[in-house]
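Breakdown of the fold
Listed below, chain by chain, are the residues.
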Amino acid sequence: GYFDVLAAQDTLATTQASKAAITEQLASAKRNFEVGTATITDTREAQARYDLATAQELAAENDLRSKRIALDTLVGRAAVAPRPLVVPVALPATVPPNAEEWVTVADQQHPTVRRARVGLELAQLETAKARAGDLPTLDAVGSVGANNSRGSGVSLPGTTTSASLGVQMNWPLYSGGATQNRIKETLLLEEKSRNDLEAARRAVGQATRVAYFGVQSGQAQVKALEAAESSSKLALEATQLGYRVGVRVNLDVLNAQTQLFQTQRDLAKARYDVLLGGLRLRQASGQLSPADVEAVNRLLAR
């Protein structure tokens, strides 16, 4: 919810910046048309882009409002204001840089796998317990008793105390097949627990690999979008210069502006996705802790 609000804020900011740039281009197209250096086509193209930018701005404002309401609900306070990432943005590297190392740790630490492993151990103990049903048992038995007599006839009054201590051995000869059926049942339950453990290990391993490669892909996407942002800025400057000297038309400038602002919006969203992906990776591998959230918090502005 926190990063959803930040992403919605970035989308609104880029939409407003795009609208401001389109407004300037629209005014320029109108002036050029009035002096006869441009056609009505330039004005209409700029007007169409301006109307579209207005609609996108309204949608972005509504989306930001919805995201803020959702965050306020989660936090339990009103008017929560998330802090943006520190500029320049430096995303943390993924350590260890190998998917199988993450899977190995997940196989040992993930709560689901640990629970399934304990379940198998319990099932094995139940099997051993069932097998012991055919074995003899040896018990120590003892008793202590007291008899209080008031005396009658030839007996004298008093208290008589007696005690006994012994060993009792029980050897089951036949139980109607109950013991053997119980052994069969526990063996099947043990096999089920073994399959559950294997399924848990596979599921955790798959989720960890998917999360790891998602983070790797996100980091590569961030680098590509950073390069695209620099290229789009240069392309916009060149297009604006070409428009001023008459070798480019108004539509070329509008397209270059749209490309730049879309790239900036996508770059901001990709950065948030990488940070969330890192937390999801640690969660998938069973390593997520409050310290990981604090590490992300240090990347935010104070």
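Everything discussed here concerns the structure shown above.
Positions within a chain are numbered from 1, following the residues in the order the chain's sequence is written. Whole-chain, interface and lining totals are the exception, using all residues; otherwise, since this is a predicted model, local features are given only for residues with pLDDT of at least 70 and side-chain atom pairs are given and counted only at 80 or more. Side-chain measures here rest on the full set of heavy atoms in the structure, leaving out hydrogens and waters.

Before going further, it helps to spend a moment on a nonpolar patch on the surface. Residues L138, V167, M169, W171, L173 and Y174 make up a contiguous nonpolar surface patch of about 870 Å² in total accessible area. With respect to the element layout, Y174 can be found in the loop between β2 (158-170) and α5 (178-245). Every patch collects residues that have over 30% relative accessible area and no salt bridge, joining them within 9 Å if they carry like charges and within 5 Å if they are nonpolar side chains (Val, Leu, Ile, Met, Phe, Trp, Tyr). Note on areas: these come from Shrake-Rupley sampling with a 1.4 Å probe, and a residue is covered only by the protein chains present in the view. Throughout this description, the term salt bridge denotes a Lys or Arg side-chain nitrogen within 4 Å of a carboxyl oxygen of Asp or Glu. Working definition: helices are DSSP H or I runs of at least four residues, strands are E runs of at least two. Numbering for both runs from the N terminus.

With that out of the way, let us pick up the packing of aromatic side chains. Only Phe, Tyr and Trp rings take part, Trp by its six-membered ring, and two of them pair if their centres are within 6.5 Å. Stacked means planes under 30 degrees apart, edge-to-face means over 60, and tilted covers everything else. Under the definition given, this model contains 3 aromatic pairs. With a centroid separation of 5.6 Å and an interplanar angle of 35°, the aromatic rings of F3 and Y272 are classed as tilted. Of the two residues, F3 sits in helix α1 (residues 2-35) while Y272 sits in helix α6 (residues 250-284), which places them 269 residues apart along the sequence. With a 1.4 Å probe rolled over the protein chains alone, any residue whose accessible area is under 20% of its type maximum counts as buried; one over 50% counts as exposed, and the rest are partly exposed. The exposure class assigned to Y272 is buried, which follows from its relative accessible area of 5%. Here the aromatic rings of Y212 and F213 are separated by 5.5 Å at their centres, their planes lie at 75°, and the arrangement is edge-to-face. Note on Y212: relative accessible area 4%, which makes it buried. Through a chain of ring-to-ring contacts, the aromatic side chains of Y2, F3 and Y272 assemble into a single cluster.

Moving on, we get to the pattern of salt bridges. Within this structure, the stated rule accounts for 17 salt bridges. For the salt bridge of E191 with R194, the shortest nitrogen-to-oxygen distance reads 3.0 Å. Placement of both E191 and R194 in helix α5 is noted, with a separation of 3 residues, approximately one turn of the helix. Look at the salt bridges and you will find they share partners, linking D107, R117 and R201 into a network.

A word on the side chain of Q25. By secondary structure assignment, the location of Q25 is in helix α1. In this analysis, two residues are considered to be in contact whenever any of their non-hydrogen atoms come within 4.5 Å of each other. Look past the residues within four positions of Q25 in its chain and what remains in contact with it is A46, Y243, N250, V253, L254 and Q257.

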